Amino acid sequence: MKIYTRGQCWCTYLFEVLNFVRSKRASKDPTRVLVVVASSEYKVYDYLVETSACNLTRENIDEFLEKSKKYDLAKDKVLNIINIRLSSAFEIFSITIYK
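What counts and how
Residues numbered from 1 in each chain as written. Predicted model: local features only at pLDDT ≥ 70, side-chain atom pairs only at ≥ 80, totals over all residues. Heavy atoms only, no water. Helix = DSSP H or I, 4+ residues; strand = E, 2+ residues; numbered from the N terminus. Core = buried A, V, L, I, M, F, W, Y, C linked by side-chain atoms within 4.5 Å. Buried < 20%, exposed > 50% of the residue type's maximum accessible area, 1.4 Å probe, protein only. Contact = heavy atoms within 4.5 Å. pLDDT = per-residue confidence, 0-100. Axes fitted to C-alpha atoms, helices over the stretch in contact; angles between N-to-C directions. Parallel < 35°, antiparallel > 145°, perpendicular 65-115°, else oblique. Left-handed = near helix turned anticlockwise from the far one by under 90°. Nonpolar A, V, L, I, M, F, W, Y, C, P; charged D, E, K, R; others polar.

**Student:** Pulling in residues and values, what's your account of the environment of phenylalanine 20?
**Tutor:** Position of phenylalanine 20 among the secondary structure elements: in helix H1 (residues 14-23). Phenylalanine 20 sits 25 residues away from tyrosine 45 along the chain, and the two C-alpha atoms are 9.6 Å apart.

**Student:** So what's going on with the nonpolar core? Which residues, and what values?
**Tutor:** Listed in full, the 10 residues of the largest apolar core are Val17, Leu18, Val21, Ala26, Val37, Tyr42, Tyr45, Leu48, Val49 and Ala53. Among the elements that take part in this core, helix H2 (residues 39-49) stands out by supplying 4 residues, more than any other. Setting aside residues no more than four positions away along its own chain, alanine 53 makes contact with Leu14, Phe15, Leu18 and Leu48. Grouped together as the second largest cluster of nonpolar side chains are 7 residues, Tyr13, Phe15, Leu56 and Ile82 included.

**Student:** Which residues make up the confidence of the model for the chain, and what are the values?
**Tutor:** Note that predicted coordinates carrying low pLDDT should not be read in detail. With 68% of its residues at a pLDDT of 70 or more, the chain has an overall mean of 76. When mean pLDDT is compared element by element in the chain, helix H3 (residues 58-68) scores highest at 89, while helix H5 (residues 89-96) scores lowest at 66.

**Student:** Lay out the packing of H1 against H2 with the relevant residues and their values.
**Tutor:** Orientation of H1 relative to H2, taken along the N-to-C sense of each, is 130°, at an axis distance of 10 Å. Of the possible angle classes, the one that applies to H1 and H2 is oblique. Note on packing geometry: the crossing formed by H1 with H2 is left-handed. In contact with Leu14, Val17, Leu18, Val21 and Arg22 of H1, H2 contributes Glu41, Val44, Tyr45, Leu48 and Val49. Residue classes in the contact of H1 with H2 are distributed as 8 nonpolar, no polar and 2 charged.

Below, the structure written as structure tokens:
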């Protein structure tokens, strides 16, 4: 995960956050007390496992980014679409209408 310095935007995909927390050995394992992970990180992990981020892969994101280039969307719009994982054209239109 990239950490940006002051003055830069700190935006990341939920997929990247989930992978970061997983790299610290967070899991749904009942023996959580044996791993040195903060309780707040477990809360983040528990939330992200229930979202669409658990099904994403880097290849899926790269493929979507490549296919969405022709629509000339701002980076924040693409980030929202990937993180929320919109499923209909109407939902995507409601995000991109304020371009």
